[in-house]
Amino acid sequence: GKGHAALKHLEMALKIEAEIMEPLEDPASTHLNLCAILSGLRQHKVAIKHARTAIDKILSRVGVEEDSLDTIPEDHVSQARNLMIGYHNMACCYEAALDAWAPAKALDSLDRAIIIGERFFTKDPIVKSMLAHRKALGKVNRNIPLETLD
């Protein structure tokens, strides 16, 4: 019920955003919300695409490459939070997707979220939660050498 209604409203918001000719102040939030709703509706693969779009928009906005997350400028804390959330959501979606490639992708995404969290939000409980999630995910997926995710 409510998840499908939220999905329709967010899809409408995305269409409206696409028609706006000037840059949006927060171009990623609608995609992050779509990711969360779609994941709740068990549409994990589509949710991953929205998380990826949000991440790409944020990286472009802050002018940082994905392999240089530790160089996000200090004055981009708000975008860093959304980026951390995007990577964390994407990790959860990969984990739930249950495809053969999903565990490695989940670990990689979670590691990226943790890099941002440890840099900007060390006192935030979500960082502790992500670290515990990372530890549990690593134990479940022992056949994945962690150094291959670097």
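What comes next concerns the included structure.

## Some words on the nonpolar core
Then, in step 1: Grouped together as the largest cluster of nonpolar side chains are 37 residues, with contacts concentrated most on Ile72, Leu83, Tyr87 and Ile116.
Then, in step 2: The set of elements that each furnish at least two residues to this core consists of helix 1 (2-19), helix 2 (29-40), helix 3 (44-62), helix 4 (77-97), helix 5 (102-120) and helix 6 (125-140).
Then, in step 3: Other than its neighbours up to four places away in sequence, Tyr87 contacts Arg52, Ile55, Leu59, Glu66, Leu69, Ser109, Leu110, Arg112, Ala113 and Ile116.

## Details of the packing of helix 2 against helix 3
Then, in step 1: At a closest axis distance of 8 Å, the pairing of helix 2 and helix 3 adopts a crossing angle of 165°. With respect to helix 3, the element helix 2 is oriented roughly antiparallel. When the axes of helix 2 and helix 3 are compared, the crossing they make is left-handed. Between helix 2 and helix 3, the contacting residues are His31, Leu32, Leu34, Cys35, Leu38 and Ser39 on the first element and His44, Val46, Ala47, His50, Ala51, Thr53, Ala54 and Lys57 on the second.
Then, in step 2: Looking at the contact of helix 2 with helix 3, its residues break down into eight nonpolar, five polar and one charged.

## Points about the pattern of salt bridges
Then, in step 1: A complete count under the given rule lists seven salt bridges for this structure.
Then, in step 2: With its nearest N and O atoms 3.5 Å apart, the salt bridge here joins Arg112 to Asp67. Here Asp67 lies in the loop between helix 3 and helix 4 and Arg112 lies in helix 5, a separation of 45 residues in the sequence.
Then, in step 3: Overall, the relative accessible area of 68% leaves Asp67 in the exposed class.
Then, in step 4: Residues Arg119 and Glu74 are paired through a salt bridge, measuring 2.9 Å at the closest nitrogen-oxygen approach. Of this pair, Arg119 sits in helix 5 while Glu74 sits in the loop between helix 3 and helix 4, and the two are 45 residues apart along the sequence.
Then, in step 5: Shared partners join several salt bridges into a network, and the residues in it are Arg52, Asp56 and Glu66.

## What to know about the packing of helix 3 against helix 4
Then, in step 1: At a minimum axis distance of 9 Å, the contact between helix 3 and helix 4 shows a crossing angle of 155°. When the axis of helix 3 is compared with that of helix 4, the two are roughly antiparallel. Taken as a pair, helix 3 and helix 4 cross one another with a handedness that is left-handed. Note on element contacts: helix 4 touches helix 3 through Gln79, Asn82, Leu83, Gly86, Tyr87, Met90, Cys93, Tyr94, Ala96 and Ala97, opposite His44, Ala47, Ile48, Ala51, Arg52, Ile55, Ile58, Leu59, Arg61 and Val62.
Then, in step 2: For the contact of helix 3 with helix 4, the class distribution of residues is 14 nonpolar, four polar and two charged.

Procedures and definitions
Residues numbered from 1 in each chain as written. Predicted model: local features only at pLDDT ≥ 70, side-chain atom pairs only at ≥ 80, totals over all residues. Heavy atoms only, no water. Core = buried A, V, L, I, M, F, W, Y, C linked by side-chain atoms within 4.5 Å. Buried < 20%, exposed > 50% of the residue type's maximum accessible area, 1.4 Å probe, protein only. Helix = DSSP H or I, 4+ residues; strand = E, 2+ residues; numbered from the N terminus. Contact = heavy atoms within 4.5 Å. Axes fitted to C-alpha atoms, helices over the stretch in contact; angles between N-to-C directions. Parallel < 35°, antiparallel > 145°, perpendicular 65-115°, else oblique. Left-handed = near helix turned anticlockwise from the far one by under 90°. Nonpolar A, V, L, I, M, F, W, Y, C, P; charged D, E, K, R; others polar. Salt bridge = Lys/Arg side-chain N within 4 Å of Asp/Glu carboxyl O.

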